Amino acid sequence: MIKGKISICLISMLVASAAFILAFVCIISLNGNSTCDVLCTAVSVSNSDDVVNNIALVVPANSRITKIYASMQQFSIAPIDGGRISILTEGGTGDTIFAHRFGKDPSIGSGGYETMLVQPLYVGTEDVEVRLFSFFEENLQTASFLELTVVYCPAEE
């Protein structure tokens, strides 16, 4: 009889823990209008170019960025130290709402960066520009190839 009661208690604790985790995820993902979006249908935008020192793409207003991927390839005669990702409001002319500089292994000719945001980044009520720069020391440096991909949850219709 005691084993049965212990089993029921353990199952109850497991169910309560699962409910707590789901509630926590729901609270984290509140998007400002009191609705809870645990999952969304994601959209991806990508841009790549050869022989440039930066590339950009636009993420629409009211979206929530969930992932950012960036990669670069240097010229053998013109090394790059790394890259910088910036997200700028007002279509690329306003404030920086996200910035991250990342290094590249000096012994190899390519580098990359990726992040999965635990709390999606709300971009605001206007389009934003996501830009990837390649640099050497503190100066922009032309790369052989740059590629940038952003995954986001679009605004609700």
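Coordinates for the structure precede this section.
What comes next concerns the included structure. Please read all numbers here as calculations on a predicted model, not as lab measurements.

Another point: the sheet that holds strand β3 (residues 64-73). Taken together, the four strands give an open sheet; going across it, the order is β1-β9-β3-β6, and neighbouring strands pair in antiparallel fashion. The sheet is open, and its two borders are formed by β1 (43-52) and β6 (110-122), each paired with just one other strand. Geometrically, the sheet is characterised by an average inter-axis angle of 10° between neighbouring strands, direction not taken into account. Sheet topology places β3 next to β6; nine bridges connect them, and they run antiparallel. Opposite A70, over in β6, you have Y113 as the bridge partner.

Glancing now at the environment of L146. Here L146 lies in strand β9 (residues 143-153). Each C-alpha atom of the pair L146 and V51 lies 8.1 Å from the other, and the pair is 95 residues apart in sequence. When residues no more than four places from it in sequence are discounted, the contact partners of L146 are N47, S48, D49, V52, N53, N54, I55, S71, M72, L132 and S134.

What follows concerns the nonpolar core. Core analysis: the largest hydrophobic core is formed by 24 residues, its most contacted members being V59, I65, I85, V130, L132 and L148. Contributions of two or more residues to this core are made by β2 (54-59), β3, β4 (82-88), β5 (96-103), β6, β7 (128-136) and β9. No other element matches the five residues that β9 contributes to this core. Setting aside chain neighbours within four positions, we find L148 in contact with V45, S46, N47, I55, L57, I68, Y69, A70, V130, R131 and L132.

Take the pairing of β2 next. When a strand is regular, its side chains alternate between the sheet's two faces. Only one face of β2 is covered, namely the face carrying I55, L57 and V59; the face carrying N54, A56 and V58 is uncovered. Note that β2 and β7 share six bridges and pair antiparallel. Bridge pairing in β7 places N54 opposite F133.

The rules behind each value
Residues numbered from 1 in each chain as written. Predicted model: local features only at pLDDT ≥ 70, side-chain atom pairs only at ≥ 80, totals over all residues. Heavy atoms only, no water. Pairing = 2+ DSSP bridges. Helix = DSSP H or I, 4+ residues; strand = E, 2+ residues; numbered from the N terminus. Axes fitted to C-alpha atoms, helices over the stretch in contact; angles between N-to-C directions. Contact = heavy atoms within 4.5 Å. Core = buried A, V, L, I, M, F, W, Y, C linked by side-chain atoms within 4.5 Å. Buried < 20%, exposed > 50% of the residue type's maximum accessible area, 1.4 Å probe, protein only.

Purely geometric stuff here, so don't read any function into it on its own.
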